Amino acid sequence: MKILFLHISDTHFVENTNFRDINIYAMVDALDKVEKFDKCILIYSGDVAQSGKKEQFNVAGKFLGILLKRICKKYLNNEYIETYIVPGNHDNLIKNPKRTNLDINKIYDDNIVEQEFYNELAQLKDFDEFAKRNKCCFGNNAIVVKTKDFGDFRLRINLINTAPFSILGSGNEDKGIHYLSKKELNKLKDTFEENYTISIMHHSPEWFSDSSKHSLYDKLYNKSDLIFIGHEHYPLNENKQINGQDKNINVSTGLALYGTDTKQGFNAVILDIDKKI
């Protein structure tokens, strides 16, 4: 059995987004160029909305409905498509959208990181309302682990919320100051007798503070076979060898699908569960 992971990211939807600018028909037809697949899983790696507004998430919901319906009809005989979604910095409706990295650094200086981290998770209510329609809401969690069985083959999905301690600008001023608590990171250690693990996040580990980065790298890379990342707005599919070991990690870095001046598009990755490649 072959599973298609359709990886979209950084759509930056606004209230008046015109779907003709995205050309959903062309997206669907482009899947003719990948090898034949039996199942499809849609990966949505954040920045769904431009500024975290409920109306923008409603637009995203309509977009997904059209896209998935057409894929189902053309390739999968109307079979249901699983969808896994994580938030990005633009989905984080923070109290002060004009804050800077200096404001976040003050959180560290005042030693209130843990408290503010969970406060920011609670600000993603509009994203959660959108995501729970696809059974991907986070609530007050930063990491949610799910499993999906295909016969005897168990797929594990790590959903990682990297939105807290973000800023909404287009620069990289918040690089190195994102945070994940130890409680959340320990969820990546749990085992569910999985055969293959994918992890989905908006910011890569490089965006995290030293207190989170090294532990995230260790747990994420040792527990994942394939990692989907957004935010960077450029296409990159790479294979990484971990700590000189035999295990290799595949990484899919998503393009911006819409709403930016960068190159736009999406990634398609095929997993053959019989070969685990």
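For the structure itself, look to the data block above.
Quick caveat: nothing in here was measured; it's all calculated off a predicted structure. Here the residue index of a chain counts from 1 through its sequence in written order. Residue-level local features of this predicted model are given only where pLDDT is at least 70; pairs of side-chain atoms are given and counted only at 80 or more, and the full residue set underlies all totals for whole chains, interfaces and linings. By convention in this description, side-chain values take in all heavy atoms of the structure and omit both hydrogens and water.

Engineer: Residue-level account of the pairing of strand 6 (residues 196–201), with values.
Structural biologist: Judged by how many residues are buried, strand 6 sits mostly within the fold: six of six residues are covered. Burial of strand 6 is two-sided: the residues Tyr 196, Ile 198 and Ile 200 facing one way and the residues Thr 197, Ser 199 and Met 201 facing the other way are all buried. A pair of strands is considered paired only if DSSP assigns at least 2 bridges between the two. Going along the chain from the N terminus, every DSSP run of H or I of four or more residues is numbered as a helix, and every run of E of two or more is numbered as a strand. As paired strands, strand 5 (residues 153–160) and strand 6 are joined by six bridges and run parallel to one another. Bridge pairing in strand 6 places Arg 156 opposite Thr 197. Burial status follows relative accessibility: with a 1.4 Å probe on protein chains alone, a residue under 20% of its type maximum counts as buried, one over 50% as exposed, and anything between as partly exposed.

Engineer: I'd like a description of unusual backbone geometry, backed by residues and values.
Structural biologist: Phi at Asp 47 takes a positive value of approximately 50 degrees, unusual for a residue other than glycine. Mapped onto the elements of the fold, Asp 47 is located in the loop between strand 2 (39–45) and helix 2 (54–75). Overall, the relative accessible area of 1% leaves Asp 47 in the buried class. Of note, Phe 165 is a non-glycine position whose phi angle comes to about 65 degrees, a positive value. You can see Phe 165 is positioned in the loop between strand 5 and helix 6 (182–185). Take Phe 165: its relative accessible area is 0%, and that puts it in the buried class.

Engineer: How would you sum up the pattern of salt bridges? Please name residues and give values.
Structural biologist: Salt-bridge detection follows one rule: a side-chain nitrogen of Lys or Arg within 4 Å of a carboxyl oxygen of Asp or Glu. Tallied over the full model, the rule gives 13 salt bridges. When the shortest N-O distance is used, the salt bridge between Glu 129 and Lys 132 registers 3.3 Å. Given a relative accessible area of 35%, Glu 129 falls into the partly exposed group. With a relative accessible area of 44%, Lys 132 lands in the partly exposed category. Among the salt bridges present, the one from Lys 187 reaches Glu 184, with a minimum N-O distance of 3.0 Å. Note on accessibility: Lys 187 and Glu 184 belong to one class, buried.

Engineer: Outline the pairing of strand 3 (residues 82–86), supporting the account with residue identities and numerical values.
Structural biologist: In terms of residue burial, strand 3 counts as a mostly covered element, since five of its five residues are buried. Burial along strand 3 is two-sided: the residues Glu 82, Tyr 84 and Val 86 and Thr 83 and Ile 85 are all buried. Where strand 2 meets strand 3, five bridges bridge the pair, whose relative direction is parallel. In the strand pairing of strand 3, Leu 42 is matched with Thr 83. For the segment spanning strand 2, helix 2 and strand 3, crossover handedness is right-handed. By convention, orient the strands away from the viewer: a clockwise path from the first strand over the helix to the second makes the crossover right-handed.

Engineer: So what's going on with the nonpolar core? Residues and values would help.
Structural biologist: The criterion is simple. A nonpolar core is a set of buried Ala, Val, Leu, Ile, Met, Phe, Trp, Tyr and Cys residues joined through side-chain atoms within 4.5 Å. In terms of nonpolar packing, the biggest core is built from 57 residues, with Phe 5, Tyr 44, Phe 63 and Ile 198 touching the most fellow members. Here this core gets nine residues from one element, more than from any other, and that element is helix 2. Contacts are residue-level and defined by heavy atoms, with any inter-residue pair within 4.5 Å sufficient. Excluding residues within four positions of it along the chain, Phe 5 makes contact with Ile 41, Ile 43, Leu 155, Ile 198, Leu 226, Phe 228, Asn 267, Ala 268, Val 269 and Leu 271. By size, the runner-up hydrophobic cluster in this structure holds 24 residues, among which are Phe 117, Ile 160, Leu 180 and Ile 229.

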